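Structural characterization, general
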Protein chains: 2
Amino acid sequence: MSDACIITTGSEIVEGIITDQNSKWLASKLISLGWRIHKIISVGDDHNSIREALECSMKNCDLIIITGGLGPTKDDITRSATAKFFKRKLIFDEKLYEKIEKKVKEFAGTVVKTVRNEAMIIEGAEAIGNDVGSAPGQLLKVDDGKIVLLLPGPPNEMMSVFSKVESRLLRRDRRFTRILKFYGIKESVLEDELRDIIYSHPEVKVAFQADYVKGITLRLTSSESEKEVVNSLVKKIYDKVGVHIYAEESKSLEEVVVELLKEAGRTLAVAESCTGGVLAGTIVNVPGSSKVFKGGIIAYDNSAKMKLLCVRKSTLERYGAVSEECVKEMLEGVMRIFDVDYAIAISGIAGPSGGNEDKPVGTVYIGVMCKGIKEIKRFHFKRERNTVRYKSAYTALDTLRRLIRRGEQ
Amino acid sequence: MSDACIITTGSEIVEGIITDQNSKWLASKLISLGWRIHKIISVGDDHNSIREALECSMKNCDLIIITGGLGPTKDDITRSATAKFFKRKLIFDEKLYEKIEKKVKEFAGTVVKTVRNEAMIIEGAEAIGNDVGSAPGQLLKVDDGKIVLLLPGPPNEMMSVFSKVESRLLRRDRRFTRILKFYGIKESVLEDELRDIIYSHPEVKVAFQADYVKGITLRLTSSESEKEVVNSLVKKIYDKVGVHIYAEESKSLEEVVVELLKEAGRTLAVAESCTGGVLAGTIVNVPGSSKVFKGGIIAYDNSAKMKLLCVRKSTLERYGAVSEECVKEMLEGVMRIFDVDYAIAISGIAGPSGGNEDKPVGTVYIGVMCKGIKEIKRFHFKRERNTVRYKSAYTALDTLRRLIRRGEQ
């Protein structure tokens, strides 16, 4: 299997001013084309850094992609740095320049002299057209068959140029991957449960990725020829811990919940206290959620809980706002107001203050209601304020997911 | 000036599944501490890649920071790969393990055997406590005085551990930086306005960073000895475009708005349609927001707009939900319900569908109300669904910020 390296150039990246937007997109593209990404390197706009990045990459990689530094200005040095590294000249391409000039006239009206730099092509390289911007990419085959591809820095230009050569980068030994996403189980516990299954086949690469708020992603990767082994492992995983699996591939928990509601033709509304809109906002992130999501009440304040959700004063006095009883009445309130099939209510102490002995910071009651049946659980999320809030929202979504799955079976 | 290198490990990064969250934050931290970032390298969870990344970095850098791969699972190999590279043993730290075990028990209840891996310390390294998660960082001084710092992968854990050693990484030749944050003005317009001021001093490095949703950040950096030049420029900038500046340093717009409300002793409630909780959720992100934020109505559905906010049926029929008239009634409704000083209402078409000729996707009405006075504006955000929603929420916050500033003056 061949290795690729991605080099992104730009001082604003290494100085922590902007996030490198290109490498993630390029990496997933190359993976799907059958490449293994050996490394991603970000360097500033200076000859030495680019030279060293090329040195590091040439050792192990058959494909090297460099993004950025193809513009007309003084700090656009990728062309010259690359030419220098491979001991090649830069040659001005008259015909190419005419095209570039025409394009720049359209965009900007005037054409500054430095635009000529964009038509300087590395000796032996092929210029790759850029449909979005003016600077073309360059594809260079170096003596030992390695490919060096120069792409513009702006993401949309980078994608445009890459798409022109994509088909030529397709490997025969492409990889096969299955991705499983879990919620409601700890990474270490999950790995323990699955150890005998997933580590039984050395030819299958196993990778866990755990996010406290968004759950666990498990990736099983093999060569295309071993795909049936991966599929058989996935089947065993479903048999053992399928209840915790909410999706495959890159689907999010909120997308899954909205889909389940759509399929079942059910509607949802929410009542939020400590999450303060995060739950609703997450659901509405999903395009088309308007078909199933009716709305919500953010009763951040006790008076709002009473006035809007008809939570009883006596309940708040007796049990407090962070209690099963309060969440129970919040559920009934939001059900009544929105006249929906499913309701979610959340009340908790996100912190930093507001905790006490029997209800420390991080204590959250999450309730889900359907057809008169209520399921209310107490959680203790030992994290900082906003992690508690987002974790509460996702835990509520997962609780609803499990309830729908049971209900609709 | 000494060079630093950041190595982020994780197959999910080089495989294009997640974006490296850590390097941008670390880079800007190190810059402010006086380091120059030589390069950022992302590699997968395998010994060879980590070894080669260390080789590439040891050549030129006095500080090498490695994030990720300190967890308990099989693919957490940063400890062993680093130890191997520097020809050191991994030593199990019994005392440290007791602490880790205690923490994991708290978090997870059960402690699996593999958690012991987190207490394996590189020979000669110092364990650095992790207040957020269980895996400690490790600081290793190698023979030639270079520092190698191992940090956990999850951003909040990485930040927690880094903060413990930050002061020890401070360089003598540290830089002086002022950061100004703007909202409600285009980057190109702002740069034009400021050109004569900011580009008048070559010793001051100027960097714009524009984020469509969160606004513009302007950084002015100089050597510590030139700080007064930077301060004088900042003063001039305030005089010219101060009205668009909402904060300095890393303060967010929502923090500023909550602060302003606290200082003025005012309360706020919101009515959201297309943003669907994002505005409320953003406000409640701020600790202590409960003192000023009473709650909100997510009237995603027209029936909810009528039933909860008393928007008239005739208004919806005549002008539609995305109209100045509807937002006007939403403001009155939420004011009445929560009995607050300030109200915000948002109604728009986030897309992907729902647009038409005179109200295309991205059309959003944003209203702010105080003491009977309403300020309602129509916007057209030409972006995809969720960018439109978050942009709407931040634009609403900035509208409120300007109104308070005027009102309380």
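Considerations on the interface of chain A and chain B
- At the interface, 76 residues of chain A touch 77 residues of chain B.
- For the chain A and chain B pair, buried surface summed over both sides reaches about 6,000 Å², with 56% attributable to carbon and sulfur atoms.
- In this structure, the salt-bridge partner of Glu15(A) is Lys205(B), at a minimum N-O distance of 2.9 Å.
- Inspection of the region where chain A meets chain B yields 32 residue pairs in polar contact (both at pLDDT 80 or more).
- Of all the elements, strand E2 (residues 36-43) of chain A adds the most residues to the side of chain A that touches chain B, at eight residues.
- In terms of residue class, the side of chain A that touches chain B is built from 32 nonpolar, 20 polar and 24 charged.
- Alignment of strand E14 (residues 293-298) of chain A against strand E14 (residues 293-298) of chain B, held across three bridges, turns out to be antiparallel. Looking at the pairing, Ile297(A) lines up with Ile297(B) of E14(B).

Digging into helix H2 (residues 22-32) of chain A
- Within the span of H2(A), buried status applies to Asn22(A), Ser23(A), Leu26(A), Ala27(A), Leu30(A) and Ile31(A). Seen end-on, H2(A) carries its buried residues on one side only, within an arc spanning 145°.
- Tucked into the core, H2(A) has its buried residues touching strand E1 (3-9), E2, strand E3 (63-67), strand E8 (147-151) and helix H6 (155-165) of chain A together with helix H1 (11-14) of chain B.
- Just downstream of H2(A), Gly34(A) is the residue with a positive phi angle, here 105°.

Considerations on the sheet that holds strand E10 (residues 205-211) of chain A
All names here are of chain A.
- On the basis of which strands lie adjacent, the open sheet formed by four strands has the order E10-E11-E9-E12 and antiparallel pairing. Every other strand in the sheet has two partners, leaving E10 and strand E12 (245-248) as the edge strands with one partner each. Averaged over all pairs of adjacent strands, the angle between their axes in this sheet comes to 20°, without regard to strand direction.
- Contacting strand E9 (175-182), E10 and strand E11 (215-223), helix H7 (residues 187-198) runs over the sheet at an angle of about 165° to E10.

Thresholds, definitions, all that
- Residues numbered from 1 in each chain as written.
- Chains lettered and ligands numbered in written order.
- Predicted model: local features only at pLDDT ≥ 70, side-chain atom pairs only at ≥ 80, totals over all residues.
- Heavy atoms only, no water.
- Contact = heavy atoms within 4.5 Å.
- Buried area = accessible area lost by both parts, 1.4 Å probe.
- Salt bridge = Lys/Arg side-chain N within 4 Å of Asp/Glu carboxyl O.
- Polar contact = N/O pair within 3.5 Å; in protein donor to acceptor, adjacent residues only side chain to side chain.
- Helix = DSSP H or I, 4+ residues; strand = E, 2+ residues; numbered from the N terminus.
- Nonpolar A, V, L, I, M, F, W, Y, C, P; charged D, E, K, R; others polar.
- Pairing = 2+ DSSP bridges.
- Buried < 20%, exposed > 50% of the residue type's maximum accessible area, 1.4 Å probe, protein only.
- Arc of directions from axis to C-beta.
- Axes fitted to C-alpha atoms, helices over the stretch in contact; angles between N-to-C directions.

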